[in-house]
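# Report on the structure
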Amino acid sequence: MALGETIRAVAREAAQLLPPGPAWRPEPGTVLARLLEGLGVPIAVLEERAKDLADEADPRTATETLEDWERSLGLPDECLPEPTTDAERRALVLARALGPGAGTPAYFVALAAAIGVPITIEEGRAQPARVGETRVGDRLVGEVEDLVWTVFAPPTPVVRARVGEARVGDRLATYGDRLLECVLERYVPAHTFLRITYVSDDLTLRIDTGDGGPLAVLVEGNALRVGTSPGFLAVPIDGTDLVVGGSGLRVPLTPG
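What comes next concerns the included structure. Small disclaimer: the values here were computed from a predicted structure and weren't measured. (Residues numbered from 1 in each chain as written. Predicted model: local features only at pLDDT ≥ 70, side-chain atom pairs only at ≥ 80, totals over all residues. Heavy atoms only, no water.)

## A word on the sheet that holds strand E1 (residues 120-123)
Taken in spatial order, the 3 strands of this open sheet run E1-E2-E5, and their pairing is mixed. The open sheet terminates on both sides in strands that have one partner only, identified here as E1 and strand E5 (193-198). Direction aside, the axes of adjacent strands within the sheet are offset by 25 degrees on average. In this structure, E1 lies alongside strand E2 (residues 148-153), joined through 4 bridges in antiparallel fashion. Looking at E2, one finds that Ile121 is bridged to Val151. The strands that helix H6 (residues 178-187) touches are E2 and E5; relative to E5, the one it contacts most, it runs at about 160 degrees. (Pairing = 2+ DSSP bridges. Helix = DSSP H or I, 4+ residues; strand = E, 2+ residues; numbered from the N terminus. Axes fitted to C-alpha atoms, helices over the stretch in contact; angles between N-to-C directions. Contact = heavy atoms within 4.5 Å.)

## Re the pairing of E2
Buried residues dominate E2, accounting for 6 of its 6 residues. Along E2, one buried face is formed by Val148, Thr150 and Phe152 and the opposite face, lined by Trp149, Val151 and Ala153, is buried too. (Buried < 20%, exposed > 50% of the residue type's maximum accessible area, 1.4 Å probe, protein only.)

## Here's the deal with the pattern of salt bridges
Overall, the coordinates contain 13 salt bridges when judged by the stated rule. The closest approach of N and O atoms between Arg12 and Glu5, which form a salt bridge, is 3.4 Å. In this structure Arg12 comes out as partly exposed when scored by relative accessible area, which is 46%. Of the residues examined, Glu5 reaches a relative accessible area of 30% and is grouped as partly exposed. By sharing partners, the salt bridges in this structure join Asp77, Glu78, Arg96 and Arg186 into a single network. (Salt bridge = Lys/Arg side-chain N within 4 Å of Asp/Glu carboxyl O.)

## Observations regarding helix H5 (residues 105-114)
Every buried residue of H5 is listed here: Tyr107, Phe108, Leu111 and Ala112. The buried side chains of H5 occupy one side of the element, clustering within an arc of 135 degrees when seen end-on. The secondary structure elements touched by the buried residues of H5 are E1, E2 and H6. (Arc of directions from axis to C-beta.)

## So, the state of the cysteines
On inspection of all chains with the given rule, the structure shows 1 disulfide. A sulfur-sulfur distance of 1.8 Å marks the disulfide that ties Cys79 to Cys182. Here Cys79 and Cys182 share a disulfide; its torsion about the S-S bond, -70 degrees, makes the bridge left-handed. Residue Cys79 is found in the loop between helix H3 (66-72) and helix H4 (86-98), and its partner Cys182 is found in helix H6; the two are separated by 103 residues along the sequence. Judged by relative accessible area, Cys79 falls into the buried class, the value being 9%. (Disulfide = S-S within 2.5 Å.)

If you want it as structure tokens, here you go:
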């Protein structure tokens, strides 16, 4: 309803509260009618602003409170390019307000996919030392660190410092996807530790040995690099099966 119509509606409601009698009839154009409309302006404005509040409470239709929405949701995000139009700002607010959020690998894979980076995730699962199996010098929690999850991402070019562009304190060379790292580190669960590894291999397999968590298996020419963090062991492909370490696990080397 337009403001003018709201003012007239308020005036009609006020007229119903006047005393009875010919002197109190607010006929159109009379001084009394204009007086009631004038007195009804603040009330009508208040009613219209109350209706606007319903729109501002929804990020999809917010205009005046768009900046307040951004501030409460931590926007603009330092990880993402700053939007230039109100439509882009509103879309970003809506995405942040309605984002599902989760501490699962699937959520972080989808989060990376949203910025165009395909990743895979390996979760650490510590294997406690066991009597009869652990030897002197072995770690008490095994080789796989608990609460550490590793993100495998595509490689990025090395950016080297240039004379005239680099400043004192800048690194001589930088490597990695800063946007990906910024986005993942923003949402990493507080009780876990994130490790990002950039791999150049086209194929990454995951093998669960059952006694120490998954192994990363990377194809490199005629050899497989097999291992858990912190290092890998090159294993030549010279047969139909691959024996993984001392676990006794045999991996058939067959297509698919």
